[in-house]
Amino acid sequence: MTDHDPAPPPGIEIPSAAVEAVRDAEWVTVFTGAGMSAESGLATFRDTDTGLWEQYDPMALATPQAWHDDPALVWAWYQWRARKVLAAQPNAGHRALADLAADRAVMVVTQNVDDLHERAGSDVISHLHGSLFAPRCSHCGHPYHGTDADPTDAVEQLRVEPPTCPICLSTVRPGVVWFGEPLPADQWSSAEKAFAASDVVIVVGTSGIVRPAAGLPERAADAGIGVIEFNPEPSALTRYATHSIRTSAAVGLPALLAAVRQG
Ligand code: OAD
C-alpha cells in the first residue's frame, strides 16, 4: 500500500491461510476481469443494470461479422471505450497488486482491454483479450500508430471511419479479441506459463464464464495450486477457489496486502 491509500475498512477478514499462501509464495499469478476496474468507474459486461452487454448488443459490436457489416460503428464504439479508460484512474486494488510485487513476483494475466494495471505499476504478462490501445491492420496485422487512432482526439460520434493501414491500405481494426476469434497465441502461451509457474493464483472480478480464458484458473486448481477469489458475488470459478472472499477489488486487495505485510 502506498502512503496515500486509506487504511482498509475494518471488518474485511482475509482468511489466515490465504494470507500465508500469498506471503509464502515466490510467484503469484493474478487473473483479472472487468470487476477489477469497476471501482475506477469502468462498466463490467454482465452486472445487472450497469453491464455493457445490458446496454449494447455484443453481436452488433464485438464480432467479426459486426466489423464486416459496419466498421465505422464498431470503430467508434471502441474509441468511446478507450476514451473512458483514458479518463479513469487505477483504483486501490490495482495499486495493492502493484505493491504486492515488492516482495515476490506478481504476474497479471488480464481479460481486460484497459491499461489500468500497467498505470498502477504491475507487470502484465498477458492481455488475453487484447487491448484498446493496440489497433492493427485488419489485413496485414501491422500495428497502427497513426494519430487518427488516438482516442483523445476522437470526436464523440456514433460512427467514425477507421484509419487506413499505411503498409497495405486496408482498414485498421481495434486490437481486441471478438467473440468467435481465437486468443492471440503469444498472450495465451505467456498466460499458460504464468499459471504453471505460480505458487498461488488470485482471481479478481470475473464471472469466469468466457472460455478459454476462464479455463486457466480451473486448470491451476486441478493441478493443486491454491486459488483465492475476490468477488462480491459468486462466480463460475467459485467452486475451484480455495478461498472466496466476498468483497470488491478496491477493498479486498488492500486488505490482503496489509495482512501479508503484517506477518
Ligand atoms: P463480467 O462482466 O462477465 O463479470 C464481472 C465480474 O466482476 C462479476 O462476477 C461481478 O460480480 C464482479 N464484480 C463487479 N464489481 C466488482 C468489484 N468492484 N470488485 C470485484 N469484482 C466485481 O466481466 P468479465 O468476467 O471480465 O470479453 O468478462 C469476461 C469477458 O467477457 C470480457 O473479457 C469480455 C466479455 O465479453 C471480450 O470482449 C472478448
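It should be emphasised that the depicted structure is a prediction, and the values quoted were computed from it without experimental measurement. (Residues numbered from 1 in each chain as written. Predicted model: local features only at pLDDT ≥ 70, side-chain atom pairs only at ≥ 80, totals over all residues. Heavy atoms only, no water.)

### A word on the domain arrangement of the protein
Here is step 1: Per the domain assignment, the segments of the protein are domain 1 (14–41 + 90–133 + 183–263) and domain 2 (43–87 + 136–173).
Here is step 2: Averaged C-alpha coordinates put domain 1 and domain 2 at centres separated by 27 Å.
Here is step 3: With 14 residues of domain 1 in contact, the opposing surface of domain 2 contributes ten residues.
Here is step 4: If you sort the residues of domain 1 by the area they bury against domain 2, Ala34, Leu132 and Phe133 come out on top, with a joint share of 49%.
Here is step 5: Between domain 1 and domain 2 we count zero salt bridges in total. (Domains from an automatic or database assignment. Contact = heavy atoms within 4.5 Å. Buried area = accessible area lost by both parts, 1.4 Å probe. Salt bridge = Lys/Arg side-chain N within 4 Å of Asp/Glu carboxyl O.)

### Examining the packing of helix H6 (residues 92–100) against helix H10 (residues 249–262)
Here is step 1: Following both chains from N to C, one finds H6 and H10 inclined at 25°, their axes separated by 7 Å at the closest point. The orientation of H6 relative to H10 falls into the category roughly parallel. Judged by the twist between their axes, the crossing of H6 over H10 is left-handed. For the pair formed by H6 and H10, the contact residues are Ala92, Gly93, Ala96, Leu97, Asp99 and Leu100 on the first element and Ala249, Ala250, Leu253, Pro254, Leu257, Val260 and Arg261 on the second.
Here is step 2: Looking at the contact of H6 with H10 residue by residue, the classes come out as ten nonpolar, one polar and two charged. (Axes fitted to C-alpha atoms, helices over the stretch in contact; angles between N-to-C directions. Helix = DSSP H or I, 4+ residues; strand = E, 2+ residues; numbered from the N terminus. Parallel < 35°, antiparallel > 145°, perpendicular 65-115°, else oblique. Left-handed = near helix turned anticlockwise from the far one by under 90°. Nonpolar A, V, L, I, M, F, W, Y, C, P; charged D, E, K, R; others polar.)

### A short note on the pairing of strand S6 (residues 200–204)
Here is step 1: Among the five residues of S6, five are classified as buried, and the element is accordingly described as predominantly covered.
Here is step 2: Alternating positions in S6 separate into two faces, Val200, Ile202 and Val204 on one and Val201 and Val203 on the other, with burial throughout.
Here is step 3: In this sheet, S6 lies alongside strand S1 (residues 27–32) in parallel orientation, the contact comprising five bridges. What sits directly across from Thr32, in S6, is Val204. (Buried < 20%, exposed > 50% of the residue type's maximum accessible area, 1.4 Å probe, protein only. Pairing = 2+ DSSP bridges.)

### Notes on the pattern of salt bridges
Here is step 1: Counted under the stated rule, the structure contains six salt bridges.
Here is step 2: As a salt-bridge pair, Arg159 and Asp70 come within 2.5 Å of each other at their nearest N and O atoms. Remark: Asp70 occurs in the loop between helix H4 (64–69) and helix H5 (71–87) and Arg159 occurs in the loop between strand S4 (136–137) and strand S5 (172–173); sequence separation between them is 89 residues.
Here is step 3: Among the residues examined, Asp70 registers a relative accessible area of 17% and is labelled buried.
Here is step 4: Here Glu181 makes a salt bridge to Arg173, at a shortest N to O gap of 2.8 Å.
Here is step 5: Taking the relative accessible area as the measure of exposure, Glu181 reaches 23% and is therefore partly exposed.
Here is step 6: Arg173 gets classed as buried once you look at its relative accessible area, which sits at 6%.

### Structural notes on the side chain of Gln111
Here is step 1: Here Gln111 lies in the loop between strand S2 (105–110) and helix H7 (116–120).
Here is step 2: Side-chain polar atoms of Gln111 contact the side chain of Thr206, separated by 3.0 Å.
Here is step 3: If sequence neighbours within four positions are ignored, Gln111 has contacts with Phe31, Thr32, Gly33, His129, Thr206, Val210 and Ala213. (Polar contact = N/O pair within 3.5 Å; in protein donor to acceptor, adjacent residues only side chain to side chain.)

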